[in-house]
Amino acid sequence: MMTRPDSTEPVTTQVPTPKRMPAGVEMRRWWKPTPDASTMIAHEQEIPVDEDGNPVGKLYVCPADECKTYAWTFAAEDQPDPACCPKHPEQLIPARVLPTDDDPIGSASRTARERWRAHVDVRKKRAAAFAQIKADAAREAASGVARRTHDDYKGHLPTAGIALGSFATEVCIAATAQPLLSASLGTAVATAGAVVAYVVVYILERQKIVKAGQEVRGRRARRARERARRALYAAGAAGVWLVLATGTGVDVRDPLAALALLLGALLIWATCHKTWTEISEARDSQREAARLAAEAAARRAQEEADRLRREAERQVEVVEVVEHQPETPEEMGEAMRVWWENAAHSEFAGTAFQQMKHTWIVPEKTKRVIVPIEGVDTPVGWQYFIQSKPGALVTRGISSGFVAPPLLAARDWIASMMGIQPELIELVDRPDRVQNTGAMIISTTPSLTSPLKYRGRAGIKVDPDGTISRLAGRAGNGVDVYEPMYIPGQPASGMTIGIPGAGKTVSVICRIMDVLFAGGLPTLQDPKMLVDFAYFIGLFPIGVTLEHRDVIMRTKMAERARRQKVLARQRREATARVHARRRGEPVPPRTGRPDNFYDTSCDGLLFGSFWEEFHMINDDRFVKLIGQEQRLQRAIAMFDHLISQDGGLGDFKDGAVRAMFQASGLHVFRTPINRARLAGYSGDYDPASMPPIPGLESYDTGGGAVQVIRTPYLDPREEAEGGLFDTLWGPNGELLLEVAPIPDPMMEVLEREGLMDLWRLGQGEHGLDNLLAGTEPVRDAPTGAQVAGTDGRSKTEARDVFLALIGQNPGCTRRFVVENPIWFAQAGWDREPNPSTITRAVRRLKGFEEGEIEGRDKPSLPVLITGDAGALYVTDAGAPLAAKLWTDLSSRPSLPTGPAASEGAPTADDGLTDEQRAERNEELRQEAELVRAGGE
């Protein structure tokens, strides 16, 4: 797949890289108008053409007016990259390319714009249609009210018709029949007819109730009897009036007859009045209910019409913004502000991002994201600044575990509303640690916005020449960037600087684990009491105090000297082999690599030291020593990595040291360029202009070559699946990552210089306590002084015990002294001395003060012992004092047992006689001789 950049200038030819173009496809200005054509026609534009001259690929274009952004895809499942236009908040849409068109891309773009306008018109028409439908429904409801009122008046006609018909019948009977017959008929109707009417009506009402599936009781029974009584009263009134009319007559000219007719009308009104009143009340209530329903429907229709009208207006506003082609940051910010406001008032925002209505985009703080890709500053997206009301973006409802802030949790929903992939958007809560703020980065490529998962062993690459590299991160163009940890014959150290919260610590954790995955041995010096690196306690040597730091440095110096001797010996053997071949003599066997470089598989592991918070090292001598080692250890698979918050001389103390580490590799995490320059940063790109994405760094390899990369991320949370804990330990607590087997020559140096003691100090359940036990500085008392032990008796200083044992046992090893039972029996110690205590004592006995380095500085104190950890001897100046101290110690009575004895520590009361104890000491001395002979 190949992508053309967006530009307002005429599109120029861009030759795609082979990785992004299928085999046999290239960009050409000529192609066949039809597949069966025999000739190709030249055009002014380039499109992908196969070997046969036929256009291939699928074109995606931006629907905005006059926008020249487009992309080609070649496989059916491919999507355009980038998926969205970098200048407009629109997703690229497919367009059909006609080979016969002189301007295929332009024609496709115009078709896409017409399709977009048609889509907007459809939305407007649909909104208007919905409003019209609602209005029609309201009018239909109003007309329905009128129809129901007319029908209600029909309910009066049956009763009125029956009453008037009965009255007319009785008038005719009274006028034509014999008086006796008429009076008899009236009497019958008033008596028996009334009873029959009551019974008939009651039976009919009961049948109606039963037919409706209801029981004849309660209110329904009372209503049936009430209607039957009305029939009874009507029949009785009709019979009485007929008897009365028989006597008076019905001639209206007669006053009595006229009075009788008026009485008949009054009787009709009296008998029908109650029924008509019920009908009127029912009619009025129905009319009121219909009126209220019609008004409610009208209000709903009006509200829906208003809402659709506002939506149409907002849609028009978005279309107008697109048509205006926002190009500046302010215009892009305004377009995003409009979109954000519309999304905040959508019907789905209440459940997906409830706090969105309390947030807004600040257009004037919008930035174009520009990063260097292959040496060219390339725009890759936009960064929008989010402001909120106080407390709107605060995480709520945390009871246990980790709950993402509301802004971060809404990432997938916002991406879905925008119609883009979640990998193209990155949300940052409180950038630069400012409350009630956020940032949204929309990129044209997921290389920077999508987290890069830590790959472990899969991120380690070993080249045929022996170069060991680690995955440093992913560049803006999606290419993996590897950083060397060991280059045969070259230095591979580096330094990391950055502000807090930029992802520096996680980057260092991944570096340390990469050394383990590469089969190496890391060491770490962290003066922050291991608050960020407590996971690794016991896995490899870790230091906290100044004594720990000196042990690590002294071991590195000794191991560097040993490796240099090995390398020099191998190259000397190479010279001998060359001379032997030229003279025709037997050629000695080869003991190293064919190219005479250092071999990490047999000569010693990759040895890397990490110096955390380097700005806290206020020791100029030690800093110069770091620089010296950087100059000397370049070809022997050893490196140092310095971590600090700033790059000035206040942090690194020495400009030459800083320059050497910067030349090997400088990693800058969102530091202003003026401060990065102090660290030796050579690029023109300002690291502070990087988006505030954790883990984003500017990688400077020297010479101005700078890359912005997304560093690997390893989640250190306990509940994180596939995080730090799952990488280090298995489901049953078994260790999955540990240091590779250390070759014997390297192990001898580690044991001799005390690094193995420091390593063992951090192992076990109380490893952290042991490492932090020496954080309080302890000064040795003058030689020969004693302090009170925990059991109340005097405790001999470590230097005195050390000197006495060496004077009594010349040529003994450091291990012999440390494990000797005299510490508990006569010296008054309740536990074995810490490695840092032994190291400090040996340095003082060799004549070195604090800060002085053996091999670099001359002794400033009397030299009382000589030798190394494999064989120690008392000098002539120290022999008298050693004899005196031994006499003092041996004259003391042995302690029965102490606190350490219950823990398995050696004591004088171990069941051995003096002869057996002397024999044991002799065995330890012989072991020391064997160790020394093996080293030689």
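Note that this is a predicted model, so its numbers are computed, not measured.

**Here's the deal with the overall build of the chain**
For step 1, the next point in the chain: Within the chain one finds 26 helices and 27 strands.
For step 2, the next point in the chain: Sorting the 936 residues of the chain into buried and exposed places 46% on the buried side.
For step 3, the next point in the chain: Sequence separation of at least 24 residues holds for 62% of the intrachain contacts in the chain that already meet a minimum separation of 6.
For step 4, the next point in the chain: Of the roughly 46,400 Å² of accessible surface on the chain, a fraction of 55% belongs to carbon and sulfur atoms.

**Focus: the nonpolar core**
For step 1, the next point in the chain: With 85 residues, the main nonpolar core has Met 513, Leu 521, Phe 536 and Phe 540 as its most contacted residues.
For step 2, the next point in the chain: The biggest single contributor to this core is helix H11 (residues 504-517), with eight residues.
For step 3, the next point in the chain: Counting residues in each nonpolar core, the second largest holds 27 residues, with Ala 83, Ile 386, Leu 424 and Ile 425 among its members.

**Describing helix H6 (residues 329-344)**
For step 1, the next point in the chain: Here H6 contains 16 residues, and its C-alpha end-to-end distance of 22 Å stays within 8% of the 22 Å for a straight helix at 1.5 Å per residue.
For step 2, the next point in the chain: Burial in H6 covers these residues: Met 332, Gly 333, Ala 335, Met 336, Val 338, Trp 340, Asn 342, Ala 343 and Ala 344.

**Some details on the side chain of Ser 388**
For step 1, the next point in the chain: Structurally, the position occupied by Ser 388 is in strand S8 (residues 376-388).
For step 2, the next point in the chain: Relative accessible area serves as the criterion here: at 4%, Ser 388 is assigned to the buried category.
For step 3, the next point in the chain: The residues touching Ser 388, leaving out its near neighbours within four places in the chain, are His 358, Thr 359, Trp 360, Leu 393 and Asn 436.

**A word on the side chain of Asp 514**
For step 1, the next point in the chain: Checked against the element boundaries, Asp 514 lands in helix H11.
For step 2, the next point in the chain: Of the polar contacts made by the side chain of Asp 514, one reaches the side chain of Tyr 454; its length is 2.7 Å.
For step 3, the next point in the chain: Sequence-distant contacts of Asp 514, that is, excluding residues within four places in its chain, are made with Tyr 454, Gly 456, Ile 460, Arg 470, Leu 471 and Met 485.

**Focus on the packing of aromatic side chains**
For step 1, the next point in the chain: Within this structure, the stated rule accounts for 11 aromatic pairs.
For step 2, the next point in the chain: Measuring from centroid to centroid gives 6.4 Å for Tyr 535 and Phe 536, while their planes differ by 80 degrees, and the two rings are edge-to-face.
For step 3, the next point in the chain: Look at Tyr 535 and you get partly exposed, because its relative accessible area is 23%.
For step 4, the next point in the chain: Judged by relative accessible area, Phe 536 falls into the buried class, the value being 0%.
For step 5, the next point in the chain: For the ring pair Phe 610 and Phe 639, a centre distance of 5.8 Å and an interplane angle of 85 degrees mean the geometry is edge-to-face. Remark: Phe 639 occurs in strand S19 (residues 638-644) and Phe 610 occurs in strand S18 (residues 607-611); sequence separation between them is 29 residues. Like Phe 639, Phe 610 is buried.
For step 6, the next point in the chain: One aromatic cluster is present, built from ring pairs that chain together Tyr 535, Phe 536, Phe 540, Phe 725 and Trp 729.
For step 7, the next point in the chain: In this arrangement the basic side chain of Lys 365 is found over the ring face of Phe 385, its NZ or CZ atom lying 4.2 Å from the centre.
For step 8, the next point in the chain: One residue, Arg 549, lies across the ring of Phe 622, its end atom 4.1 Å from the ring centre.

**Notes on the UniProt feature "transmembrane region" (unreviewed entry) in the chain**
For step 1, the next point in the chain: Look at the UniProt record and you will see "transmembrane region" (unreviewed entry) annotated at residues 157-177, 183-204 and 231-250.
For step 2, the next point in the chain: Taken as a whole, residues 183-204 contains 100% helix and 0% strand, while its terminal C-alpha atoms sit 30 Å from one another.

**Details of the pattern of salt bridges**
For step 1, the next point in the chain: One pass over the full model with this rule turns up 30 salt bridges.
For step 2, the next point in the chain: Across the pair Asp 429 and Arg 430 runs a salt bridge whose closest N-O atoms are separated by 3.2 Å.
For step 3, the next point in the chain: When its relative accessible area of 17% is taken as the criterion, Asp 429 is described as buried.
For step 4, the next point in the chain: Residue Arg 430 is classed as partly exposed on the basis of its relative accessible area of 40%.
For step 5, the next point in the chain: Of the charged contacts in the structure, one is a salt bridge between Glu 559 and Arg 563, with a shortest N-O distance of 2.7 Å. Of this pair, Glu 559 and Arg 563 both sit in helix H12 (residues 546-583), four residues apart, which is roughly one turn of that helix.
For step 6, the next point in the chain: For Glu 559, a relative accessible area of 0% gives the class buried.
For step 7, the next point in the chain: Through salt bridges with shared partners, a single ionic network connects Asp 526, Lys 528, Asp 532, Glu 612 and Glu 613.

**A few points about the confidence of the model for the chain**
For step 1, the next point in the chain: When the pLDDT values of the chain are averaged, the result is 78; 79% of them are 70 or greater.
For step 2, the next point in the chain: Across the chain, element-level confidence peaks in strand S16 (residues 521-525) with a mean pLDDT of 96 and bottoms out in strand S1 (residues 2-4) with 37.
For step 3, the next point in the chain: A low-confidence stretch, residues 1-19 (pLDDT under 50), is modelled with 49 contacts involving residues beyond four sequence positions or located in other chains.
For step 4, the next point in the chain: Here residues 315-325 is modelled with pLDDT under 50, and outside its nearest four sequence neighbours on either side it reaches 19 contacts, counting other chains as well.

**Concerning the sheet that holds S8**
For step 1, the next point in the chain: Taken in spatial order, the four strands line up as S7-S8-S10-S9 in an open sheet, and their pairing is antiparallel. At either margin of the open sheet sits one strand with a lone partner, and together these are strand S7 (359-373) and strand S9 (425-429). With strand direction ignored, the average angle separating the axes of adjacent strands in the sheet is 20 degrees.
For step 2, the next point in the chain: In this structure, S8 lies alongside strand S10 (residues 437-443), joined through seven bridges in antiparallel fashion. Its bridge partner being in S10, Phe 385 is matched across the sheet by Ala 439.
For step 3, the next point in the chain: Where helix H9 (residues 411-418) meets the sheet, it contacts S9 and S10, and its direction lies at approximately 140 degrees from that of S9.

**A short note on the environment of Phe 824**
For step 1, the next point in the chain: Structurally, the position occupied by Phe 824 is in helix H23 (residues 822-825).
For step 2, the next point in the chain: A residue is classified by how much of its surface remains accessible, and Phe 824, at 5% relative accessible area, is buried.
For step 3, the next point in the chain: The spacing of Phe 824 and Lys 795 is 29 residues in sequence and 9.6 Å in space, taken between C-alpha atoms.

**So, a nonpolar patch on the surface**
For step 1, the next point in the chain: Residues Leu 244, Leu 256, Leu 259, Leu 262, Leu 263 and Leu 266 make up a contiguous nonpolar surface patch of about 560 Å² in total accessible area.
For step 2, the next point in the chain: Per-element accounting of the nonpolar patch gives the leading share, five residues, to helix H5 (residues 255-323).
For step 3, the next point in the chain: Within the element layout of this structure, Leu 266 appears in helix H5.

**Let's talk about the packing of H12 against helix H18 (residues 744-753)**
For step 1, the next point in the chain: Between H12 and H18, the least distance of the axes is 9 Å, while the angle of their chain directions is 145 degrees. H18 is crossed by H12, and the crossing has right-handed handedness. Side by side, H12 and H18 meet where Val 551, Arg 554, Thr 555, Ala 558, Glu 559, Arg 562 and Arg 563 of the first sit next to Pro 745, Met 746, Val 749, Leu 750, Arg 752 and Glu 753 of the second.
For step 2, the next point in the chain: Of the residues contributing to the contact of H12 with H18, the split by class is six nonpolar, one polar and six charged.

**Looking at the pairing of S8**
For step 1, the next point in the chain: In the sheet, S7 pairs with S8 via 11 bridges, with the strands oriented antiparallel. Across the sheet, the residue bridging to Pro 372 is Asp 377, located in S8.
For step 2, the next point in the chain: Where S7 folds back onto S8 in an antiparallel hairpin, the turn is made up of two residues, including Glu 374, whose phi is positive at roughly 55 degrees.

**Focus: unusual backbone geometry**
For step 1, the next point in the chain: Notably, Arg 430 is not glycine yet its phi reads approximately 55 degrees, a positive angle.
For step 2, the next point in the chain: Following the sequence through the fold, Arg 430 ends up in the loop between S9 and S10.
For step 3, the next point in the chain: The backbone phi angle of Leu 530 is positive, close to 65 degrees, even though this residue is not glycine.
For step 4, the next point in the chain: Looking at the secondary structure, you find Leu 530 in the loop between S16 and strand S17 (542-543).

Basis of the calculations
- Residues numbered from 1 in each chain as written.
- Predicted model: local features only at pLDDT ≥ 70, side-chain atom pairs only at ≥ 80, totals over all residues.
- Heavy atoms only, no water.
- Helix = DSSP H or I, 4+ residues; strand = E, 2+ residues; numbered from the N terminus.
- Buried < 20%, exposed > 50% of the residue type's maximum accessible area, 1.4 Å probe, protein only.
- Contact = heavy atoms within 4.5 Å.
- Areas by Shrake-Rupley, 256 points an atom, 1.4 Å probe, with all protein chains shown as cover.
- Core = buried A, V, L, I, M, F, W, Y, C linked by side-chain atoms within 4.5 Å.
- Expected span 1.5 Å × (residues − 1).
- Polar contact = N/O pair within 3.5 Å; in protein donor to acceptor, adjacent residues only side chain to side chain.
- Phe/Tyr/Trp six-rings, centres within 6.5 Å; stacked < 30°, edge-to-face > 60°.
- Lys NZ or Arg CZ within 6 Å of the ring centre and 35° of its normal.
- UniProt positions renumbered as here; feature names shortened; annotations may be inferred.
- Salt bridge = Lys/Arg side-chain N within 4 Å of Asp/Glu carboxyl O.
- pLDDT = per-residue confidence, 0-100.
- Pairing = 2+ DSSP bridges.
- Axes fitted to C-alpha atoms, helices over the stretch in contact; angles between N-to-C directions.
- Patch = residues over 30% accessible without salt bridge, like charges linked within 9 Å, V, L, I, M, F, W, Y side chains within 5 Å.
- Left-handed = near helix turned anticlockwise from the far one by under 90°.
- Nonpolar A, V, L, I, M, F, W, Y, C, P; charged D, E, K, R; others polar.

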